[in-house]
There are 2 protein chains.
Amino acid sequence: MYASEALKARILQDGRNLGNGILKVDGFINHQVDARLMMQVGYALAARFASLPITKVLTAEISGIAPAVMTAMALDVPVVYARKHKPITMPERTYIASAPSHTKGGDVTLMVSPEWLRPADKVLIVDDFLASGQTIRALVDLVQQAGAELMGIAAVIEKAFEGGRANFADLHVPIETLVTITSMENGRIVFA
Amino acid sequence: MYASEALKARILQDGRNLGNGILKVDGFINHQVDARLMMQVGYALAARFASLPITKVLTAEISGIAPAVMTAMALDVPVVYARKHKPITMPERTYIASAPSHTKGGDVTLMVSPEWLRPADKVLIVDDFLASGQTIRALVDLVQQAGAELMGIAAVIEKAFEGGRANFADLHVPIETLVTITSMENGRIVFA
């Protein structure tokens, strides 16, 4: 089965519409991860960008890590995950961007060490969701701070009703998502 | 090349001994991840436990996720990452354990939803480092709270000089690590 079809079937089977546009997928994408499904997802996303000379995948901890690692494996490039807390192994000066947090309120800070994002890098951003696009916007900001080149944006699931995609039209890069949800009203999950 | 040999070579090439027993591996294991190397690591760790009827891999966010996802993929079982912050998709009641944090001071709390760790589960714990063993001890605690069965403990790199392995002798489960570092004194990195 194609990854996108497998994913839709899984969302209908195990996903839960919690209302307010919140889709619970913590049985197979975050918290508990279906590693084989994520591998399929990674290969499917990589295939959409196979013609581009990507040198690095960039994601945000935590939920982006599994799909991004698999996409990076498929593209045979390293993956960098922007960190929310500075570990002691990170240098003093880092690239920093912030995005509003859905789950905690306030802003979340994303940091990348200049060691791992270079001006020569051609970057594919990968995240679990493309919703309002604010986390991805922060990742784009990090790419720009590094002077690297953004090659594209990929997400596993797009919540089209949050309109995030339109925020990136100015970037003129391909945006690919495996599954598009157009509505979550009345407890339903409607695919494009 | 065997995963353990590839890993040793990579540690010597790109790892940095920051002193006080801190090994900087954020160019290939955490922050930036060499996805292909992690896949090798995952298959190598899985092979050590191939004879056991494991149903689930358990790790802790964040650095454990990449090697744990790859190990789970190789074993063809789901992977659960214990969360440090409760997302809105997590139920009220969770299993909770805490471990001292090296990087932030104080304690870090690890949470797992009872939905994804069940009494019937046979669990392999996977983490990036086995050092003092305190994070892994918290994961063991979560397995016990769930009434699940601990089948083994795996880590990518063991800092034998921190003595963590001895803390788990009472559990009578196999403990496997791919690379063992016996000393980081005087700026050196000495393998077993």
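This text goes with the structure placed above it.
### Examining helix 1 (residues 3-14) of chain A
Residue and element names in this part refer to chain A.
Step number 1: A rise of 1.5 Å per residue sets the reference length of helix 1, with its 12 residues, at 16 Å; its end C-alpha atoms lie 16 Å apart and thus fit the reference within 8%.
Step number 2: Among the residues of helix 1, those classed as buried are Ala 3, Ser 4, Ala 6, Leu 7, Arg 10 and Ile 11. Each buried residue of helix 1 lies within a common arc of 155° when the element is viewed along its axis, so the set occupies one face. Structural note: helix 1 exposes Leu 12 and Gln 13 on the side pointing more than 90 degrees away from its buried face.

### Let's talk about the side chain of A:Asp128
Step number 1: Within the fold, A:Asp128 resides in strand 8 (residues 122-130).
Step number 2: No salt bridge is formed by the buried A:Asp128, whose closest oppositely charged neighbour, B:Arg83, lies at an N-O distance of 7.4 Å.
Step number 3: Residues in contact with A:Asp128, not counting those within four places in the same chain, are A:Ile29, A:Asn30, A:Ser63, A:Gly64, A:Pro67, A:Ala155, A:Val156 and A:Ile157.

### Regarding the pairing of strand 6 (residues 95-100) of chain A
Residues and elements named next belong to chain A.
Step number 1: In strand 6, alternate side chains face the same way, and those of Tyr 95, Ala 97 and Ala 99 are buried while those of Ile 96, Ser 98 and Pro 100 on the opposite face are not.
Step number 2: Here strand 6 pairs with strand 7 (residues 107-112) via six bridges, running antiparallel. Across the sheet, the residue bridging to Ser 98 is Thr 109, located in strand 7.

### Observations regarding the pattern of salt bridges
Residues and elements named next belong to chain A.
Step number 1: Following the criterion strictly, the structure yields 26 salt bridges over all chains and no others.
Step number 2: The closest approach of N and O atoms between Lys 56 and Asp 121, which form a salt bridge, is 3.4 Å. Remark: Asp 121 occurs in the loop between strand 7 and strand 8 and Lys 56 occurs in strand 4 (residues 56-60); sequence separation between them is 65 residues.
Step number 3: Using a relative accessible area of 9% as the deciding quantity, one classes Asp 121 as buried.
Step number 4: Between Arg 83 and Glu 61 there is a salt bridge, and its shortest N-O distance comes to 3.4 Å. Taken together, the residues span a long stretch of sequence, with Arg 83 in the loop between strand 5 (79-82) and strand 6 and Glu 61 in the loop between strand 4 and helix 3 (65-75) at a distance of 22 residues.

### Quick notes on the interface of chain B and chain A
Step number 1: Taken residue by residue, the interface counts 45 residues in chain B and 45 residues in chain A.
Step number 2: Where chain B abuts chain A, roughly 3900 Å² becomes buried across the two surfaces, and 62% of that area is made up of carbon and sulfur atoms.
Step number 3: At the junction of chain B with chain A, the criterion picks out four salt bridges.
Step number 4: Among the salt bridges present, the one from A:Lys24 reaches B:Glu115, with a minimum N-O distance of 3.0 Å.
Step number 5: At the junction of chain B and chain A, the tally comes to 16 residue pairs in polar contact (both at pLDDT 80 or more).
Step number 6: Mapped by element, the contributors of at least two residues to the side of chain B that touches chain A are strand 2 (23-24), strand 3 (32-33), helix 2 (35-48), helix 3 (65-75), strand 5 (79-82) and strand 7 (107-112) of chain B.
Step number 7: Per-element accounting of the side of chain B that touches chain A gives the leading share, seven residues, to helix 3 of chain B.
Step number 8: Its residues placed into classes, the side of chain B that touches chain A shows 26 nonpolar, nine polar and 10 charged.
Step number 9: Strand direction decides the pairing type here: strand 5 of chain A and strand 3 of chain B, joined by two bridges, are antiparallel. Bridge pairing in strand 3 of chain B links A:Val80 to B:Gln32.

### What about the packing of aromatic side chains?
Step number 1: Summed over the entire model, instances satisfying the criterion amount to zero aromatic pairs over all chains.
Step number 2: Positioned above the aromatic ring of A:Phe129 is the side chain of A:Lys159, whose terminal nitrogen or guanidinium carbon lies 5.0 Å from the ring centre.

### As for the relation of the copies chain B and chain A
Note on the chain copies: they are related by a rotation about an axis and a translation along it.
Step number 1: It takes a turn of 180° to lay chain B on chain A, together with a shift of 0.0 Å along the axis; the resulting RMSD is 0.0 Å. Look at the turn and shift together and you get a two-fold axis relating the two.
Step number 2: Of the interface residues in chain B, 100% have counterparts in chain A that sit at the interface too, so the contact is made through matching surfaces.

### Some details on unusual backbone geometry
Step number 1: Omega for the peptide link from A:Glu61 to A:Ile62 comes to 10°, which places this bond in the cis form.
Step number 2: Turning to its location among the elements, A:Ile62 is positioned in the loop between strand 4 and helix 3.
Step number 3: Backbone geometry at A:Asn20 places phi at a positive 55°, although glycine is not the residue there.
Step number 4: One can find A:Asn20 in the loop between strand 1 (16-17) and strand 2 (23-24).
Step number 5: Its relative accessible area of 80% is what places A:Asn20 among the exposed residues.
Step number 6: Positioned with a positive phi, B:His31 is a non-glycine residue whose angle comes to about 70°.

Conventions and cut-offs
- Residues numbered from 1 in each chain as written.
- Chains lettered and ligands numbered in written order.
- Predicted model: local features only at pLDDT ≥ 70, side-chain atom pairs only at ≥ 80, totals over all residues.
- Heavy atoms only, no water.
- Helix = DSSP H or I, 4+ residues; strand = E, 2+ residues; numbered from the N terminus.
- Expected span 1.5 Å × (residues − 1).
- Buried < 20%, exposed > 50% of the residue type's maximum accessible area, 1.4 Å probe, protein only.
- Arc of directions from axis to C-beta.
- Lys, Arg positive; Asp, Glu negative; His and termini not counted.
- Salt bridge = Lys/Arg side-chain N within 4 Å of Asp/Glu carboxyl O.
- Contact = heavy atoms within 4.5 Å.
- Pairing = 2+ DSSP bridges.
- Buried area = accessible area lost by both parts, 1.4 Å probe.
- Polar contact = N/O pair within 3.5 Å; in protein donor to acceptor, adjacent residues only side chain to side chain.
- Nonpolar A, V, L, I, M, F, W, Y, C, P; charged D, E, K, R; others polar.
- Phe/Tyr/Trp six-rings, centres within 6.5 Å; stacked < 30°, edge-to-face > 60°.
- Lys NZ or Arg CZ within 6 Å of the ring centre and 35° of its normal.
- Least-squares fit on C-alpha atoms with pLDDT ≥ 70 in both.

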